[in-house]
Amino acid sequence: KAGVTQTPRYLIKTRGQQVTLSCSPISGHRSVSWYQQTPGQGLQFLFEYFSETQRNKGNFPGRFSGRQFSNSRSEMNVSTLELGDSALYLCASSFQGDLDGYTFGSGTRLTVV
Amino acid sequence: LAKTTQPISMDSYEGQEVNITCSHNNIATNDYITWYQQFPSQGPRFIIQGYKTKVTNEVASLFIPADRKSSTLSLPRVSLSDTAVYYCLVRTGGGNKLTFGTGTQLKVEL
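Here the residue numbering is sequential within each chain, running from 1 through the sequence in written order. Chains and ligands are labelled by the order in which they are written, letters from A for the one and numbers from 1 for the other. Side-chain atom pairs in this predicted model are given and counted only at pLDDT of 80 or more, local residue features only at pLDDT of at least 70, and totals for whole chains, interfaces and linings cover all residues. Hydrogens and waters are ignored; side-chain quantities use all the structure's heavy atoms.

**Student:** Mind showing me how you'd approach the nonpolar core here?
**Tutor:** Take the buried Ala, Val, Leu, Ile, Met, Phe, Trp, Tyr and Cys residues and link them wherever side-chain atoms come within 4.5 Å; each set so joined is a nonpolar core. When accessible area is computed with a 1.4 Å probe and restricted to protein chains, residues below 20% of their type maximum are described as buried, those above 50% as exposed, and intermediate ones as partly exposed. Of all hydrophobic cores here, the largest spans 21 residues; its most connected members are Trp34, Leu46, Phe64, Met76 and Tyr89 of chain A. Residue contacts are counted whenever heavy atoms from the two residues lie within 4.5 Å of one another. When residues no more than four places from it in sequence are discounted, the contact partners of phenylalanine 64 of chain A are Gln36, Leu46, Phe47, Lys57, Met76, Asn77, Val78, Asp85 and Tyr89 of chain A. Among the nonpolar cores identified, the runner-up in size contains 20 residues, and Ile20, Ala60, Ile64 and Leu73 of chain B belong to it.

**Student:** How do you make sense of the sheet that holds strand β7 (residues 70–75) of chain B when you look at a structure like this?
**Tutor:** Sheet strands pair via backbone hydrogen bonds, and the direction of the pair is either parallel or antiparallel. Residue and element names in this part refer to chain B. Strand order in the open sheet made by the four strands is β2-β7-β6-β5, with antiparallel pairing throughout. Every other strand in the sheet has two partners, leaving β2 (18–23) and β5 (53–56) as the edge strands with one partner each. This sheet shows a mean twist of 15° between the axes of neighbouring strands, independent of strand direction. Sheet topology note: the β5/strand β6 (residues 61–64) ladder contains four bridges and is antiparallel. Looking across to β6, one finds that threonine 53 is bridged to isoleucine 64. Two strands pair if DSSP finds at least two bridges between them. Helix and strand definitions follow DSSP, with helices as H or I runs of at least four residues and strands as E runs of at least two, each counted in order from the N terminus. Between N-to-C directions, angles span 0 to 180 degrees; the directions come from axes that are lines fitted to C-alpha atoms, helices contributing only their stretch in contact.

**Student:** Can you walk me through the sheet that holds strand β1 (residues 5–7) of chain A in this structure?
**Tutor:** Residue and element names in this part refer to chain A. Within the open sheet, the four strands sit side by side as β1-β3-β8-β7. Their pairing is antiparallel. Both edges of this open sheet fall to β1 and β7 (64–68), since each of them pairs with a single strand only. Across this sheet, the average inter-strand angle for adjacent strands is 15°, counted without regard to direction. Bridge count between β1 and strand β3 (residues 19–24): three bridges; the pairing is antiparallel. Across the sheet, residue glutamine 6 finds its bridge partner in β3, namely cysteine 23.

**Student:** Teacher, can you tell me more about the packing of aromatic side chains here?
**Tutor:** Given two aromatic rings, their pairing is described by the distance between the two centres and the angle made by the two planes. Two aromatic rings, drawn from Phe, Tyr or Trp (for Trp, its six-membered ring), form a pair once their centres lie within 6.5 Å of each other, and the interplanar angle then sorts them: stacked below 30 degrees, edge-to-face above 60, tilted otherwise. Tallied over the full model, the rule gives 11 aromatic pairs over all chains. Pairing phenylalanine 60 of chain A with phenylalanine 64 of chain A gives two aromatic rings, centres 5.2 Å apart and planes at 65°, and the pair type is edge-to-face. The buried category is assigned to phenylalanine 64 of chain A, whose relative accessible area is 3%. An aromatic cluster of at least three residues, connected via ring pairs, comprises Tyr35, Phe45 and Phe104 of chain A together with Tyr36, Phe46, Tyr87 and Phe100 of chain B.

**Student:** Explanation requested: the interface of chain A and chain B in the structure shown.
**Tutor:** The extent of an interface is frequently quoted as the accessible surface area lost upon association of the parts. Taken together, the contact between chain A and chain B spans 21 residues of the former and 19 residues of the latter. Overall, the association of chain A and chain B removes approximately 1,600 Å² of surface from exposure, summing both partners, and the carbon and sulfur fraction of that is 51%. Between Lys or Arg on one side and Asp or Glu on the other, a salt bridge is scored when a side-chain nitrogen of the former is within 4 Å of a carboxyl oxygen of the latter. Run the count over chain A and chain B and you get one salt bridge. The shortest N-O distance in the salt bridge between glutamate 48 of chain A and arginine 91 of chain B comes to 2.7 Å. For the side of chain A that touches chain B, the secondary structure elements donating two or more residues are β4 (31–38), β5 (42–50) and β6 (53–57) of chain A. Class assignment for the residues of the side of chain A that touches chain B results in seven nonpolar, eight polar and six charged. Two parts placed together each lose some accessible area under a 1.4 Å probe, and adding up what both lose gives the buried area. Note on residue categories: nonpolar means Ala, Val, Leu, Ile, Met, Phe, Trp, Tyr, Cys or Pro, charged means Asp, Glu, Lys or Arg, and polar means any other residue, Gly included.

**Student:** Explain the state of the cysteines to me, please; I cannot follow it from the model alone.
**Tutor:** As used in these notes, a disulfide is a covalent bond between sulfur atoms, one from each of two cysteines. All names here are of chain B. By definition, disulfides here are pairs of cysteine sulfur atoms that lie within 2.5 Å. Evaluated as defined, the whole model comprises two disulfides over all chains. Two residues, cysteine 22 and cysteine 88, share a disulfide whose sulfurs are 1.9 Å apart. With cysteine 22 in strand β2 and cysteine 88 in strand β8 (residues 84–92), the pair connects residues that are 66 residues apart, well separated along the chain. The same class applies to cysteine 22 and to cysteine 88, which are both buried.

If you want it as structure tokens, here you go:
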């Protein structure tokens, strides 16, 4: 079966711009979570969605937002990009989030210049 | 602020057993502990998951003490292809936050 698909794979943006990243979960999975990975901070939790509702949120500024659609696909948006937002953004899906291991996508590499 | 910590790196030789420990003293009381493997330029890949005591699958074992404040991933006989970064993942802060461990770079040599 198809895995978790993230688009685009690579992205270069200018400071001050905004960006939208997309995640298509495994068919049937209702939970989607997002993470930021940087060499300095490691893997950090951004937010988690279940059946279109944001269930949990990490410690990131309001410039980071997300949503989940009725087909479980999810998007995250970062507004007013800063150089420090350069990172690998990972999406993961699971059937119900609490008791399942997550399946991760390959990520979107965002570079802010 | 409680952190979920792991050793930064470990070195091993092919055929040896490797044990990687994660300290998660702020873990939510009713959720699983999960371990992942990550290769460069890829997303983490699920290895094993457990709630308490011991769990074993075809690639690893997971040992969890009664207080659940730590867990140990055991890789029985490592090979060169096991060279990767290993992370634990738990829920902390009352279950509201998914927290990855700091990650352990495992290097396996001949």
